[in-house]
Amino acid sequence: MSDLLKNINKDKIPQHIAVVMDGNGRWAKKNGYLRAIGHKSGVKAVREVVQACDDLGVKYLTLYTFSTENWNRPKLEVNTLMELMVDSLTKELSGFMKNNVRILTIGDTDDLPNRCKKKFADAVSKTKTNTGLNLIFALSYSSRKEILTAVKSITNSVLNNEIKTEDINSELMDKHLYTAAIPDPDLLIRTSGEQRISNFLLWQLAYSELHFTSVLWPDFKKDDLFAAVIDYQQRERRFGKTSEQIKK
Ligand code: IPE
Ligand code: IPE
Ligand code: MG
């Protein structure tokens, strides 16, 4: 067993971990490869975090896989990423089934190429009764767009007299987001040394603990996840209260 794993308090495991998997391109450059190899190597890191979350009993893991802004990358890179997602999901699906992993997606999956959209829809459907880790892929995801879509849908409910303006509250907003059935992340991890949110889960991260590491995504191992959880466990989550109130 990893030394880091031994130091994790099993009673304080984050229920939901979200990850901005960043640094594939820089990893490739550093090692003299094309960016595509960086992305390919990133798949191994996905396997590592999924297993680490499984080891810990984390219930939800959300992976920022492709943002709406990523559509603006060179066409070749976008195509490579789409193909890689199809290939990887094909290869990993039996392992997910064996480990009782349930696949979910958030984002505008309708904008994905057909093959990719179908692959994810198929994985969601095949794993839907699994009761282990909920593995959520954020695909063609934009948090601002998610919030705007929710606002439009709530506005329509008001206009149709289904609800009153006074009924609009945080809980209602939660119900209109892609993440309706998913609790807010307790911990957000971003790799590669960047310290920004990049349009990811803006509403849901309101009280998440943030962990930034300089490790580039393809180098991310189980122990890096365990280190992030140990960091998280040392934080005092006060939610606006005083430290004394929390310790009572
Ligand atoms: C993350 O790695 C993967 C995606 C955003 C799809 P990057 O491709 O952003 O890697 P860097 O930031 O160029 O190093
Ligand atoms: C964020 O990474 C999106 C994903 C990890 C999928 P980027 O590399 O696209 O982020 P920015 O645009 O540099 O902030
Ligand atoms: Mg990047």
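The coordinates are above.
Quick notes on the rules
Residues numbered from 1 in each chain as written. Chains lettered and ligands numbered in written order. Predicted model: local features only at pLDDT ≥ 70, side-chain atom pairs only at ≥ 80, totals over all residues. Heavy atoms only, no water. Helix = DSSP H or I, 4+ residues; strand = E, 2+ residues; numbered from the N terminus. Rg over C-alpha atoms; globule rule 2.2 N^0.38 Å. Areas by Shrake-Rupley, 256 points an atom, 1.4 Å probe, with all protein chains shown as cover. Lys, Arg positive; Asp, Glu negative; His and termini not counted. Charge placed at Lys NZ, Arg CZ, Asp CG, Glu CD. Salt bridge = Lys/Arg side-chain N within 4 Å of Asp/Glu carboxyl O. Buried < 20%, exposed > 50% of the residue type's maximum accessible area, 1.4 Å probe, protein only. Phe/Tyr/Trp six-rings, centres within 6.5 Å; stacked < 30°, edge-to-face > 60°. Near = heavy atom within 4 Å. Polar contact = N/O pair within 3.5 Å; in protein donor to acceptor, adjacent residues only side chain to side chain. Nonpolar A, V, L, I, M, F, W, Y, C, P; charged D, E, K, R; others polar. Pairing = 2+ DSSP bridges. Axes fitted to C-alpha atoms, helices over the stretch in contact; angles between N-to-C directions. Contact = heavy atoms within 4.5 Å.

I'd like a rundown of the overall build of the protein, residues and numbers included.
Secondary structure summary: the protein contains nine helices and six strands in total. Computed over the C-alpha atoms, the radius of gyration of the protein is 19 Å, within 12% of the 18 Å expected from 2.2 N^0.38 for a compact globule of 248 residues. Taken along the three principal axes of its C-alpha coordinates, the protein extends 55 × 50 × 35 Å. Here the protein has roughly 13,400 Å² of accessible surface; of this, 51% comes from carbon and sulfur atoms. Put simply, the protein has 37 plus and 31 minus side-chain charges, and the middle of one group is 4 Å from the middle of the other.

Could you give an account of the pattern of salt bridges, with specific residues and numbers?
Overall, the coordinates contain 18 salt bridges when judged by the stated rule. The salt bridge partner of Asp22 is Arg26, with a shortest N-O separation of 3.4 Å. Owing to a relative accessible area of 36%, Arg26 belongs among the partly exposed residues under this scheme. Notably, a salt bridge pairs Lys145 with Asp108, separated by 2.6 Å at the nearest N-O pair. Residue Lys145 is located in helix H6 (residues 143-159), and its partner Asp108 is located in the loop between strand E3 (102-106) and helix H5 (114-126); the two are separated by 37 residues in the primary sequence. A network of salt bridges, in which partner residues are shared, links Asp22, Arg26, Arg190, Glu194 and Arg196.

Kindly report on the packing of aromatic side chains, identifying the contributing residues and their values.
Going through the model one piece at a time under the given rule, you end up with nine aromatic pairs. Here Tyr64 and Phe200 contribute two aromatic rings whose centre-to-centre distance is 4.2 Å and whose plane-to-plane angle is 5°, an arrangement assigned as stacked. You can see Tyr64 sitting in strand E2 (residues 60-67) and its partner Phe200 sitting in the loop between strand E5 (187-190) and strand E6 (209-212), a full 136 residues away along the chain. Here Tyr64 falls in the buried class, since its relative accessible area comes to 8%. Note on Phe200: relative accessible area 0%, which makes it buried. With centroids separated by 5.9 Å and ring planes inclined at 85°, the aromatic side chains of Tyr141 and Phe200 adopt a geometry described as edge-to-face. Here Phe200 lies in the loop between E5 and E6 and Tyr141 lies in strand E4 (residues 134-141), a separation of 59 residues in the sequence. Here Tyr141 matches Phe200 in class, with each residue buried.

Any details on the site of ligand 1? Residues and values, ideally.
Residues in close proximity to ligand 1 include Met21, Asp22, Gly23, Asn24, Gly25, Arg26, Arg35, His39, Thr65, Asn70, Arg73 and Leu81, which together make up its full environment. Measuring from an oxygen atom of ligand 1, one finds a side-chain N or O atom of Asp22 at 3.0 Å. The separation between an oxygen atom of ligand 1 and a polar side-chain atom of Arg73 is 2.7 Å. Within the complex, 86% of the 380 Å² of free accessible area of ligand 1 lies under protein. For the shell around ligand 1, the secondary structure elements donating two or more residues are helix H2 (24-30) and helix H3 (35-56). Looking at the shell around ligand 1, the element that brings in the most residues is H2, giving three residues. When its residues are assigned to classes, the shell around ligand 1 shows two nonpolar, six polar and four charged.

Summarise the site of ligand 2; cite the residues concerned and give the values.
Around ligand 2 lies a shell formed by Val20, Met21, Asp22, Tyr64, Thr65, Phe66, Asn70, Arg73, Arg190, Arg196 and Ser198. The contact in question runs from an oxygen atom of ligand 2 to an N or O atom on the side chain of Arg196, over 2.6 Å. Starting from 390 Å² of accessible surface for ligand 2 in isolation, the protein chains cover 78%. Per-element tally for the shell around ligand 2: the top contributor is E2, with three residues. The class makeup of the residues in the shell around ligand 2 is four nonpolar, three polar and four charged.

Go over the sheet that holds E4 with me, naming the residues and quoting the values.
Ordered by their spatial adjacency, six strands build an open sheet running E3-E4-E2-E1-E5-E6, and the pairing between neighbours is parallel. Each edge of the sheet is formed by a strand with only one pairing partner; in this case those strands are E3 and E6. Ignoring which end each strand starts from, the neighbouring axes of this sheet average 20° apart. Pairing between strand E1 (residues 16-20) and E5: four bridges, direction parallel. Paired with Val19 across the two strands is Ile189, which belongs to E5. Packed on one face of the sheet, H3 meets E1, E2 and E4 and runs near 160° to E2. Against the sheet, helix H4 (residues 75-98) engages E2, E3 and E4, with an angle of about 155° to E2.

By themselves, these are just geometric observations and shouldn't be taken as functional.
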